[in-house]
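# What the coordinates show
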Amino acid sequence: MTAQPVDSLPRPRAPHDPRLRSAVDLELVVPAFNEAGRLPGTLAELTGFLADRPWRSRVVVVDNGSTDGTATAVADHPDVVVIGCARPGKGAAVRRGIESSTSRFVGFLDADLSTPVGTLTRAVAELEAGAAAAIGSRHAPGARLVRPQPLGRRVGGAVFRALARRLVPEVHDTQCGFKLFERVAVQRALAHCRVDGFAFDVELLRRIWLAGGRIAEVAVAWTDDERSTFRPLHDGRVAFADLLRLYRVEAR
């Protein structure tokens, strides 16, 4: 990863100020809520991979109100930027990171790295070929599940995908935690988004699709992480409620 010297990096004074981060080719947002345990390994793998790529890149961790010292877990990676997001919800954290970016391409990936970091190469190639979004997919042709989710989550996920596909036609998987975007396209889409929870991805992709942006699905070899912070009963119920709310909004 091409990085500025540590002492020349802008240190965040106000997390919402987009002028604090210079433009690079690719900026990756990692939304994090109580991820002190997983972040060190994730950042080591991610920055190690990026160091060998031809892109100028940066990793931005968005601490989403953690109470476990998540922000200090990046101590061994001084070239990683940490910003805060007091508003709860993965969507809110992703929004904070993307809206404050000035880079050519910007995206987000989950702290568990269930999607291999090597997927970045294919995703960036899709963006360079003109796609507005390049998203990891566990259900597109060619994808495989190295370790699938528990049965209950797979059933719930299948129902969610069926409903989401009516809002984002031809996209097999809106919920894989790996998405890259052309910055201008995604920031314009975000201006119309209101959902902050786990249905955030559906609304964002729908806005990009409605604007005529091409969404490229990149088939991945995905591995479930048993340490996921997703709570099936609580978060699943909220995600479905948000999805139904999107249906009502679109029906107006």
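The structure we're discussing is the one just above.
Here is a short report on the structure shown in this document. All of these numbers come straight from a predicted model, not from anything done at the bench. (Residues numbered from 1 in each chain as written. Predicted model: local features only at pLDDT ≥ 70, side-chain atom pairs only at ≥ 80, totals over all residues. Heavy atoms only, no water.)

Core analysis: the biggest nonpolar cluster contains 36 residues, and I98, F181, V202, L204, I208 and I215 have the highest contact counts within it. Not counting residues within four places of it along the chain, the set of residues in contact with I215 comprises A133, I135, V168, V171, L205, I208 and W209. (Core = buried A, V, L, I, M, F, W, Y, C linked by side-chain atoms within 4.5 Å. Buried < 20%, exposed > 50% of the residue type's maximum accessible area, 1.4 Å probe, protein only. Contact = heavy atoms within 4.5 Å.)

Moving on: unusual backbone geometry. The backbone of L113 sits at a positive phi, close to 50°, despite the residue not being glycine. Along the chain, the position of L113 falls in the loop between β4 (105–109) and α3 (119–128). Residue L113 is classed as buried on the basis of its relative accessible area of 16%. Even without being glycine, E170 reaches a positive phi, approximately 70°. Judged by its relative accessible area of 68%, E170 falls in the exposed class. (Helix = DSSP H or I, 4+ residues; strand = E, 2+ residues; numbered from the N terminus.)

Take the packing of helix α5 (residues 183–190) against helix α6 (residues 200–210) next. Packed helix pairs are specified by the crossing angle of their axes together with the interaxial distance, meaning the distance between the axes. In contact at an axis separation of 9 Å, α5 and α6 are set at 115° when each is read in the N-to-C sense. Compared by their axis directions, α5 and α6 come out roughly perpendicular. Handedness of the crossing formed by α5 with α6: right-handed. Contacts from A185, V186, A189 and L190 of α5 reach α6 at F200, L204, R207 and I208. The residue makeup of the contact of α5 with α6, split by class, is seven nonpolar, no polar and one charged. (Axes fitted to C-alpha atoms, helices over the stretch in contact; angles between N-to-C directions. Parallel < 35°, antiparallel > 145°, perpendicular 65-115°, else oblique. Left-handed = near helix turned anticlockwise from the far one by under 90°. Nonpolar A, V, L, I, M, F, W, Y, C, P; charged D, E, K, R; others polar.)

This next bit is on the layout of surface pockets. Of the volumes computed, that of the second largest pocket is approximately 190 Å³. Together, 13 residues line the second largest pocket, and A185, R188, R207, I208 and A211 are the ones closest to its centre. Secondary structure elements with two or more residues in the lining of the second largest pocket: α5 and α6. Considering each element in turn, the lining of the second largest pocket owes the most residues, four residues, to α5. (1 Å grid on protein atoms, 1.4 Å probe; cavity = no way out; pocket = protein on both sides within 12 Å on 5 of 7 lines; lining within 4 Å. Points joined across faces, edges and corners; volume = space filled by probe spheres on them.)

With that out of the way, let us pick up α6. Think of an α-helix as turning once every 3.6 residues; residues three or four places apart then point the same way. The element α6 is extensively covered by neighbouring structure, given that nine of its 11 residues are classed as buried. Along α6, the residues classified as buried are F200, D201, V202, E203, L204, L205, R206, R207 and I208. Positive phi appears at G212, one or two residues downstream of α6, with a value of about 90°.

Here P88 lies in the loop between β3 (81–84) and α2 (90–99). On the accessibility criterion, P88 (64% relative accessible area) is exposed. Residues P88 and N64, 24 residues apart in the sequence, show an inter-C-alpha distance of 6.4 Å. Discounting residues that sit within four places of it in the chain, P88 has contacts with N64 and D196.

Take it as geometry only, folks, not as evidence of what the structure does.
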